[in-house]
Amino acid sequence: MNTFKTSMLFRASIILCSSFSFLLTIFCGSANAADNLGVLGSKPKWEVLENYQRTITRDEFAHLINDVYCTHGIPDDLIKIDNESAHIVTTRDPPAEFTLQFAPDDNSKARIPRLWRPAKSLPSAKSSKPLSGLLIALDPGHLGGKWAKMEERWFKVGDTKPVTEGDLTLRVSRMLAPRLRKLGATVLFVRNSTQPVTSERPADFKKLARTILIKNGVPQPRPDVLDPNDPQKERTIRWQSEILFYRYSEIRRRAVLVNTKLHPDLVLCLHFNAEGWGDPSNPTLIDNNHLHLLVNGSYVQDELEFDDERFEMLRRLLSRAYDEELAIGDTVATSMAKATGLPAFQYPTTLTTTKVGSSGYVYARNLLATRLYRCPVVYCEPYVMNSKDGFARIQAGDYEGEKEINGAQRKSIFREYADSVAEGLAEYYRNARGL
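I will try to describe carefully the structure that is included in this document.

Calculation criteria
Residues numbered from 1 in each chain as written. Predicted model: local features only at pLDDT ≥ 70, side-chain atom pairs only at ≥ 80, totals over all residues. Heavy atoms only, no water. Pairing = 2+ DSSP bridges. Helix = DSSP H or I, 4+ residues; strand = E, 2+ residues; numbered from the N terminus. Contact = heavy atoms within 4.5 Å. Axes fitted to C-alpha atoms, helices over the stretch in contact; angles between N-to-C directions. Buried < 20%, exposed > 50% of the residue type's maximum accessible area, 1.4 Å probe, protein only. Arc of directions from axis to C-beta. Lys, Arg positive; Asp, Glu negative; His and termini not counted. Salt bridge = Lys/Arg side-chain N within 4 Å of Asp/Glu carboxyl O. Polar contact = N/O pair within 3.5 Å; in protein donor to acceptor, adjacent residues only side chain to side chain.

The seven strands are arranged β7-β4-β8-β12-β9-β11-β10 in an open sheet whose pairing can be described as mixed. Looking at the sheet topology across the chains shown, the edges are occupied by β7 (186-189) and β10 (354-355). Where strand β8 (residues 266-270) meets strand β12 (residues 377-382), four bridges bridge the pair, whose relative direction is parallel. When the sheet's bridge partners are listed, Leu268 is paired in β12 with Val378. Running over the sheet, helix α5 (residues 165-182) touches β4 (135-140), β7 and β8 and is turned about 165° from β4.

Our focus in this paragraph is unusual backbone geometry. Cis geometry marks the peptide bond from Asp93 to Pro94, where omega comes out at 5°. Relative to the assigned elements, Pro94 resides in the loop between β2 (85-91) and β3 (96-101). The backbone of His142 shows a phi angle near 70°, a positive value even though the residue is not glycine. Mapped onto the elements, His142 comes out in the loop between β4 and α4 (148-151). Its identity as a non-glycine residue notwithstanding, Asn406 has a phi of 50°, on the positive side. In this fold, Asn406 is placed in the loop between β13 (402-405) and β14 (408-411). Judged by relative accessible area, which is 55%, Asn406 ranks as exposed.

This part covers the sheet that holds strand β1 (residues 79-81). The three strands are arranged β1-β2-β3 in an open sheet whose pairing can be described as antiparallel. The strands lining the two open edges of the sheet, one partner per strand, are β1 and β3. Going across the sheet, the axis of each strand differs from the next one's by a mean of 20°, ignoring polarity. Of the pairings in the sheet, the one linking β1 to β2 comprises three bridges and is antiparallel in character. By the bridge assignment, Ile81 is partnered in β2 with Ala86. With respect to the sheet, helix α3 (residues 58-69) is in contact with β1, β2 and β3, its orientation differing from that of β1 by roughly 140°. Across the sheet, helix α9 (residues 307-319) is in contact with β1, β2 and β3; its angle to β2 comes to roughly 150°.

One turn of the α-helix equals 3.6 residues, which is why residues spaced by three or four share an orientation. Along helix α6 (residues 206-215), the positions that sit buried rather than exposed are Ala209, Ile212 and Leu213. Here the buried residues of α6 occupy an arc of 95° about the axis, which is enough to place them on one side. Set apart from the buried face of α6 by more than 90 degrees, the exposed residues are Lys207 and Lys215.

Secondary-structure assignment places Arg433 in the segment after α13 (413-432). We note that Arg433 is buried and unpaired, the nearest opposite charge coming from Asp265 at a distance of 8.7 Å. A distance of 2.4 Å separates a polar side-chain atom of Arg433 from the backbone oxygen of Pro123. If we skip the residues at most four places from it in the chain, Arg433 touches Ala119, Leu122, Pro123, Ser124, Ala125, Lys129, Pro130, Leu131 and Ser132.

A few words now on the pairing of β2. Most of β2 sits inside the fold, with five of its seven residues counted as buried. What sits between β1 and β2 in their antiparallel hairpin is a turn of three residues. Looking at chain direction, β2 and β3 are connected through six bridges and run antiparallel. Bridge pairing links Ser85 to Gln101 in β3.

What follows covers the side chain of Glu242. Residue position: Glu242 is located in helix α7 (residues 237-262). The class of Glu242 is buried, set by a relative accessible area of 10%. For Glu242, the contacting residues outside a window of four places in its chain are Met150, Pro202 and Arg247.

Below, the structure written as structure tokens:
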């Protein structure tokens, strides 16, 4: 996610957000302050981590903490590592902690409990079906349809077709699914329409939105957004209610679906990227076009202060999802880079991200979906929708073969996306399964 996705998708990010301190207070502040939870967060079940006792060595735990998940440091009193165990604060008030016992060495490690299966544990398969036995969930980013303007994932140039990210990602997902099935995978959808997965709507969050605003220094918040370009719109109940709906409630509901019904071995979060386009009815088209992928990690210290985020991080760490998702991400990134010819996106700051892997295209970052889904998650961010090249290719729609676009013969952007992801997954699983 670059500057547009950071300020608009999160509306609360550290990267290049002009009203950072105000928004961070609102959206990193707990909606359940007494429980010290993130927005719409659930009280963590720390007893679940008992299942991971002696499943990891000290060196492995320290590596994942220092080089993947807590690359920006750890609050001194939250996680302490000694030779035989890690002591993790579960609540500050009242003071309580969980002790994780390390395995003495690799040979004595207990089995890691998890519902997803790494590539090496899948049953034998033919080289022509490298994804055989694999359960993949496709998660098309955002909503599209009538929700696109609310999400600020919509722009329109003159009389051309509107560009709505949620519709684009759904289109790619529906193209990708049969390609993955042909390679042997079982494919499920986290979202397969423009409708939200959550049953809640913005109106359900008006009371909470008002409470959050008052708590953060807006004693009489306006009920509505009077002007879409109003820089103070984030201080309105409507704006806050909408983000609580589509950003938090929606993603958390998708996580419930993934974790309790789908139980996939891998989730692919499919997105398109963008940079700041200004007025969505008169957007700026730019020259920049790039690609990157994300895996979970790189938590900032303020995030680790919340009991639920700290718990969710540790559960991911102990499941060793990172080992699988980074290897998949690197291979898929290489395949996408070869197909698209796009350079790697470079974040303008390292305050929330850490570059990982060997491809040069993969970053660790703590996003809600990559944190909550309890299996490996690869989050794809190719193409800048409001780049001159990306916009022209989106407007060209889907087609067979190649067309001349901006003076070059180009494949359909949707087929290129789907094909390159499928080819990257096929390559990874062929190699990992020794096919």
